[in-house]
Every structure is written in C-alpha cells, then in structure tokens.
Amino acid sequence: MRVLVIGSGGREHALVWKIAQSALVDKIFTAPGNGGTQSQGAINTPLADNDIDALAAFVRKEKIDLVVPGPELPLTLGITDRMRAQGTACFGPDAYGARIEGSKAFAKEIMARTHVPTASSAVFSDARSAQSHARKMGAPLVIKADGLAAGKGVVVARTDEQIRQAINDIMTARTFGPAGDRVVMEEFLEGEEVSLLCFCDGKNAVPLPSAQDHKAARDNDQGPNTGGMGAYSPAPILDDNGLEKMTDIAVRPVLKELAAQGHPFVGVLYAGLMMTASGPRVLEYNARFGDPECQPLLMRMRGDIVRIMLDCINGKLDPNSVVCSGQTALGVVLAAKGYPGDYSRGHVITGIDRAEATTGGIKVFHGGTTVRGDALVSNGGRVLCVTALGDDLEQARKNAYAAMERIRMPDSFYRTDIGIKGIRHLAGQEG
Ligand SMILES: Nc1ncnc2c1ncn2[C@@H]1O[C@H](COP(=O)(O)OP(=O)(O)OP(=O)(O)O)[C@@H](O)[C@H]1O
Ligand SMILES: [Mg+2]
C-alpha cells in the first residue's frame, strides 16, 4: 500500500513510525512532514495540510491507497469527503462529523441530545447579549470561541474583567476570525483532566488506554496553555473499568447520534474529560489523535495500525485488534524558548541518537524540526517529544528524562514534572 500522512508535528512522526511497521505498507508520503518523518523513511512533500485541492491531486498522481490526516484542520475542511468522492480510503470523519471538534456549539448540542455529562453552557452569536449574560453569571466562567483556534480559543476567566476581555477579544476584536462568530460560555469546573481516545468505525468504539496531557507551559500547571507539553499512558486516574464506563457514557452515544444524523464517525474520537468531585464531565471532543498523547499511546500499541484503520473505514473494527502492552509510556516535549508566545527557529539540535540509546524503548519523535544541510534544526514551538517505555510510571519517567538530558538545543525548555500527578495517584492508592 501507498500511504499519505497529512501534517507536520510529533503526532505525524509517531503515525509514520507506526505505519512503517505495517506489513501492508510499501511506501509512505508526508505532507508536509518534518525532519523526523524524513529520517523515518517517508517522503516529505511540500503541500500544506489545508490545501485540499493540491492534496487530492497528489493522491491521484501518486496512486495513494490510504490517507491519514493528522490534525483537525484538513478534516474540518472535508479531506475525507473529497477522498471518498475520488475512491481513496481516508482514516478520519467527514466534514460534518469533524464538527464535533470544529464547532464547540455543535459538540454541546450533540452532548445535550445524548445526555453526555458536561458543563452547563449557553451559546451566543452577538457580543452584547454575551456580555450581558456574563454579567449575570459572574466569574469564574469559561469562554470558548466556537470554531477552531489552534488550542488558543479557550479562556478560563477568573474575574469579571477577564470575562469581559475574553468576549471582547473573541467576538469584537475577532482575534480568532470567524471562529469567534459565536461563543460558548460554560460553567467553570474543577478536577483533573484525562484523555479518552477511541478507534471508531461508524458504529463501534474501541478505547485506547487512558492518557494524560499537560497543557500549561511550566511545572505545576503554571503559565499559559499550550498545545501540550507532555503526556503519559496509562493515567491511573482512569483505569480500565473507568475507561470502558466512560466510553459507554461519552463516546458510544455520540457515535450513535452522528450515525442517526447520516454521518457515521470513522476515525479517532477523543473525549477530553475532567474528573470533578461530582463525577466525570466531558470538556470537549477532538476528531483526531491528540498531540502529545499519540506518541506514548502508539509506543504502547501492538498490532498493525493500518489493518485497524482499514477495518474502521470498512465498518468492521474488531475490538480484539486494539491491543496495548502492559508497559507505561511517557513523553516529554522539548520546546523553543518563548513558546507558546514568540520564539525563534533554526537552532541546531544534537544528541538524538545518544538519547535513543539511553535504554531500550526510547523514541524521539520530531515536531517542529527540519533538515538544513547536514544539520537538524528547530522549526517550530514544540520541537521534540522524547518518549520512553517503562515497566511502571516511575521507570518510564526516569528513562524519558535520562534521554532528554542527552539532547542539546540552545534556547529550549521542557517541564520537569510530566507524570508526577500519576505517581501521586499511585502513591495515594498504595497509601
Ligand atoms: N468548563 C471548564 N471548566 C474549567 N476548565 C475548562 C473548562 N473547559 C475547558 N477548560 C480548560 O481549558 C482547556 C482547553 O479547553 P478545550 O479542551 O475545550 O479546548 P481546545 O482548545 O479544543 O483544547 P485542545 O487543544 O486540547 O483540543 C481544557 O484543557 C481545560 O484545562
Ligand atoms: Mg479541542
């Protein structure tokens, strides 16, 4: 098979790495890819992930058999609809189904129809009524731009002034453009977050083990939200029983509803959960693998991912085909100084081979990297995700940080506390 992976981050490198292990595959292309996908043997193609016409023409020209979109943008722009129209298999939902991520208001509608536990909310399409509703509610409140905003469209407002400012930025100043045509205003919830990702074939949902991301830029969840500074799996806060229960509560009813609306959801449906004192709540849905959750999850996954993707596309996902090792995996993101704000590119990166040789079960997935001459240089905010396996969380954490210490990149930083919440949980369970 000839496979095209769309995207350029750590998730896409992990997907290429896993797809390359499939006996079904003889060639992999990435659009646009990065320094890691190239070193993994894939052919990087300078096509943007939102240029659906160019991607469709490339698929025809190269006789691609399977398309795997990594990020949400091409999915919301209808890459799957386009691929289906030209008879090419594509692992992801159609544009209608991708609205579960592309529109927070749509997701809330679906959750209301299917009684998924979530924060109470209201949707506004004009700033004046949004502001007056907010004044009535008062802080704390969560303000979300309806459309895609690259993970930056959500403000957890803890003061009335922050609420006013957030609505003004999103709806009046239009910081996120048309994504701010509407806002979702939500009840503020408190609790630990955990990610539930499921393979879906339109009817059936099969969960991957739980995973926990770290959104804030600095240790102890301090600093601005980022695309994610590290993740590990499994997350003790959601054990296998909880996983199955939450798949029944938060994923299978949504699948049923989307199918009833004529758009069976094929791909990965990712529910962002918060474990509150009054029970689990769904904060949001993503219609793709998370980044950085994808990296530790694929490190643990056994079996042929291409086989599973094709079974999802053909509506015959076998629950027993999604198997993961009992080991724990943990990934730490190396980011450029200044991320998620302004940062510089072009920093030389060294030590990756030494890092991967630290112990067995280490893989350094590239995010924002590119090759310049014979040097590997940084080319984004989140540059690498150093991911390690271990027999338990302590060991996976130790292995990942030992490997990270061998990597050199000027003007970079990483969080030192990835996995600590899980270790505290385990200690609490033992206590
Ligand atoms: N109702 C809520 N109460 C408290 N915090 C919330 C609430 N909703 C969202 N958050 C916080 O804001 C973060 C981002 O919100 P959400 O996941 O809805 O948006 P997103 O931009 O789509 O994120 P992602 O990039 O993970 O897809 C959450 O991870 C959580 O920390
Ligand atoms: Mg999201």
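With that out of the way, let us pick up the sheet that holds strand E3 (residues 43-44). If you walk across this open sheet you meet the 5 strands as E3-E2-E1-E4-E5, and the pairing is parallel. Edge positions in the sheet fall to E3 and strand E5 (89-90), since each has one partner strand and no second. As defined by bridge partners, strand E4 (residues 66-69) adjoins E5 across 2 bridges and the pair is classed as parallel. The residue of E5 that forms the bridge with Val67 is Cys90. Packing of helix H3 (residues 52-61) onto the sheet brings it into contact with strand E1 (2-7), strand E2 (27-32) and E4, and relative to E1 it is tilted by some 165 degrees. With respect to the sheet, helix H13 (residues 305-313) is in contact with E4 and E5, its orientation differing from that of E4 by roughly 95 degrees.

On to the domain arrangement of the protein chain. Accessible area lost during the coming together of the parts is what is often quoted as the interface size. For the protein chain, the assigned domains are domain 1 (2-95), domain 2 (126-181) and domain 3 (192-430). Placing the centre of domain 2 and that of domain 3 at their C-alpha centroids yields a distance of 28 Å.

Most of strand E17 (residues 279-286) is tucked away, with 7 of its 8 residues classed as buried. Inspection of the sheet shows strand E16 (residues 266-276) paired to E17 by 7 bridges, in the antiparallel sense. Its bridge partner lying in E17, Met275 is registered against Pro280. Between E16 and E17, which pair antiparallel and follow one another directly, the connecting turn spans 2 residues.

Moving on, we get to the pattern of salt bridges. Inspection of the entire model under this criterion finds 23 salt bridges. Glu72 serves as the salt-bridge partner of Arg288, at 3.1 Å between the closest nitrogen and oxygen. One end of the pair, Arg288, is in the loop between E17 and helix H12 (294-300); the other, Glu72, is in helix H4 (residues 72-76), and 216 residues separate them in sequence. Neither Arg288 nor Glu72 differs from the other in exposure class; each is buried. Across the salt bridge formed by Lys104 and Glu284, the nearest N and O atoms sit 3.2 Å from each other. Of this pair, Lys104 sits in helix H7 (residues 104-113) while Glu284 sits in strand E17, and the two are 180 residues apart along the sequence. Considered together, Lys104 and Glu284 belong to a single accessibility category, that of buried residues.

Note on metal geometry: ideal angles are 109.5 degrees for four donors arranged tetrahedrally and 90 or 180 degrees for six donors arranged octahedrally. For the magnesium ion (ligand 2), the protein coordination sphere consists of Glu284 (OE) and Asn286 (OD1), at 2.0 to 2.2 Å. Residue Glu284 shares its accessibility class with Asn286, and that shared class is buried.

The relative placement of two packed helices is expressed as an angle between their axes plus a distance between the axes. Packing of helix H8 (residues 127-137) against helix H9 (residues 160-172) leaves a shortest axis separation of 10 Å and a crossing angle of 165 degrees. Taken together, the axis directions place H8 and H9 in an arrangement best described as roughly antiparallel. Crossing geometry of H8 relative to H9 is assigned as right-handed. Seen from H8, the contacting residues are Ala127, Ala130, Gln131 and Ala134; seen from H9, they are Ile163, Arg164, Ile167, Asn168, Met171 and Thr172. Taken together, the residues that form the contact of H8 with H9 break down as 6 nonpolar, 3 polar and 1 charged.

What counts, and where the lines are drawn
Residues numbered from 1 in each chain as written. Chains lettered and ligands numbered in written order. Predicted model: local features only at pLDDT ≥ 70, side-chain atom pairs only at ≥ 80, totals over all residues. Heavy atoms only, no water. Pairing = 2+ DSSP bridges. Helix = DSSP H or I, 4+ residues; strand = E, 2+ residues; numbered from the N terminus. Contact = heavy atoms within 4.5 Å. Axes fitted to C-alpha atoms, helices over the stretch in contact; angles between N-to-C directions. Domains from an automatic or database assignment. Buried < 20%, exposed > 50% of the residue type's maximum accessible area, 1.4 Å probe, protein only. Salt bridge = Lys/Arg side-chain N within 4 Å of Asp/Glu carboxyl O. Donors = N, O, S within 2.8 Å, 3.2 Å for Na, K, Ca; no water. Parallel < 35°, antiparallel > 145°, perpendicular 65-115°, else oblique. Left-handed = near helix turned anticlockwise from the far one by under 90°. Nonpolar A, V, L, I, M, F, W, Y, C, P; charged D, E, K, R; others polar.

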